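Below are the chains, spelled out letter by letter.
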Amino acid sequence: PKVADLSWGKVVVEEVGSFKDVKLYPGGAREWDWGETGTRHWPGIAPDDVDELLAAGATTIVLSRGVRERLQVQTDTLRKLEKKGIDVEVLQTNLAVGRYNELVENGVLVGALIHTTC
């Protein structure tokens, strides 16, 4: 599903709903609860954060670093995706949403982790 709207602290996903932070994957989306994997701004997005996206069949993953790019990405997360042959893009949130929507429109099996604040 495409992202319909993005603002500070809120992302709206077409035909799914609104979230603070969101996991997007082929065929669906749900709240990205950092507490599930212990994710914090530092050291950042954990390897386990991407498992659901991979399980849903994503071949490309877009990781957002936040509006002010304070969210980091753990090196182990990038290594995990590289080992699986997954294309990964790490971008500021507004750019990440635009890129994600572009990939969806082009029929790519894309997943994303979108952080809507800092």
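Relevant structure appears above.
The model shown is predicted, which means the values in this text are computed figures rather than measured ones.

> Describe the overall build of the chain, naming the residues involved and giving the relevant values.
Per the secondary structure count, the chain includes three helices and eight strands. Put simply, the chain runs from its N terminus to its C terminus through helices and strands in the order β-β-β-β-β-α-β-α-β-α-β. The C-alpha atoms of the chain give a radius of gyration of 13 Å, which matches the 13 Å a tight globule of 118 residues would have. With respect to the three principal axes, the spread of C-alpha positions in the chain is 30 × 30 × 25 Å. Residue burial in the chain is summarised as follows: out of 118 residues, 45% are buried. In the chain, the share of contacts with a sequence separation of at least 24, taken over all contacts with a separation of at least 6, comes to 65%. When the accessible surface of the chain is split by element, carbon and sulfur atoms take 47% of a total near 5800 Å². A gap of 5 Å separates the mean positions of the 14 positive and 18 negative side-chain charges of the chain.

> Before we move on, can you summarise the packing of aromatic side chains with the specific residues and values?
On inspection of all chains with the given rule, the structure shows one aromatic pair. Judged by centre distance (5.5 Å) and plane angle (50°), the ring pair of Trp32 and Trp34 falls under tilted. Taking relative accessible area as the criterion, Trp32 reaches 2% and is therefore assigned buried.

> Would you mind going over the pattern of salt bridges in detail, with residue names and values included?
Under the criterion given, the structure shown has 10 salt bridges. When the shortest N-O distance is used, the salt bridge between Arg30 and Glu52 registers 2.8 Å. Of this pair, Arg30 sits in strand β5 (residues 28-31) while Glu52 sits in helix α1 (residues 51-55), and the two are 22 residues apart along the sequence. Arg30 sits in the partly exposed class, given a relative accessible area of 25%. By relative accessible area, Glu52 is classed as partly exposed at 25%.

> Tell me about helix α2 (residues 75-83), and name the residues and values.
Inspection of α2 places Thr77, Lys80 and Leu81 among the buried residues, and these make up the whole buried set. All buried residues of α2 fall inside an arc of 95° around its axis, so they share one side. Those residues of α2 that are exposed and angled more than 90 degrees off the buried face are Glu82 and Lys83. Each element contacted by the buried residues of α2 is listed here: α1, β6 (60-64) and β7 (87-91). Note on α2: the residue one or two positions beyond its end, Gly85, has a positive phi of about 75°.

> Give a description of helix α3 (residues 93-105) that names residues and reports values.
Taking 1.5 Å per residue as the helical rise, α3 with its 13 residues ought to reach 18 Å, and the 18 Å between its terminal C-alpha atoms agrees with that figure. The complete set of buried residues in α3 reads Thr93, Ala96, Val97, Tyr100, Asn101 and Leu103. The arc that holds every buried residue of α3, seen down its axis, measures 160°, which confines them to one face. What points out from α3, more than 90 degrees from its buried face, is the exposed set Leu95 and Glu105.

> Could you give an account of the sheet that holds strand β1 (residues 3-7), with specific residues and numbers?
The strand order across the open sheet formed by three strands is β1-β2-β3, and the pairing between neighbours is antiparallel. Where the open sheet ends on each side, the last strands, each with one partner, are β1 and β3 (17-19). In this sheet, neighbouring strand axes are inclined to one another by 15° on average, regardless of whether the strands run parallel or antiparallel. Here β1 pairs with strand β2 (residues 10-13) via four bridges, running antiparallel. Considered in β2, the bridge of Asp5 is made with Val12.

What counts and what doesn't
- One numbering rule holds for all chains: residues counted from 1, following each sequence as written.
- Whole-chain, interface and lining totals are the exception, using all residues; otherwise, since this is a predicted model, local features are given only for residues with pLDDT of at least 70 and side-chain atom pairs are given and counted only at 80 or more.
- Calculated side-chain values reflect all of the structure's heavy atoms, with hydrogen atoms and water omitted.
- The numbering of helices and of strands both runs from the N terminus, where a helix is a DSSP run of H or I of at least 4 residues and a strand a run of E of at least 2.
- Based on C-alpha atoms, the radius of gyration is set beside the globule rule, defined as 2.2 Å times the residue count to the power 0.38.
- Each residue gets one of three labels from its accessible area relative to the maximum for its type: buried under 20%, exposed over 50%, partly exposed in between, using a 1.4 Å probe on protein chains only.
- For this analysis, residues touch if any pair of their heavy atoms sits within 4.5 Å.
- Method for areas: the Shrake-Rupley scheme with a 1.4 Å probe, in which residue coverage is limited to the protein chains shown.
- The sign given to each residue is positive for Lys and Arg and negative for Asp and Glu; His and the chain ends receive no count.
- Every charge is mapped to an atom, namely NZ of Lys, CZ of Arg, CG of Asp or CD of Glu.
- Only rings of Phe, Tyr and Trp enter the pairing, Trp through its six-membered ring, and a pair is recorded when the two centres are within 6.5 Å. The plane angle decides the type: under 30 degrees is stacked, over 60 is edge-to-face, the rest tilted.
- Salt bridges are identified by distance alone: a Lys or Arg side-chain nitrogen within 4 Å of an Asp or Glu carboxyl oxygen.
- Along the arc lie the directions from the helix axis toward the C-beta atoms.
- Every helix has an expected span of 1.5 Å times one less than the residues it contains.
- Two strands qualify as a pair provided DSSP detects at least 2 bridges between them.
- To obtain an axis, a line is fitted to C-alpha atoms, over the contacting stretch when the element is a helix, and the angle between two such axes runs from 0 to 180 degrees between their N-to-C directions.

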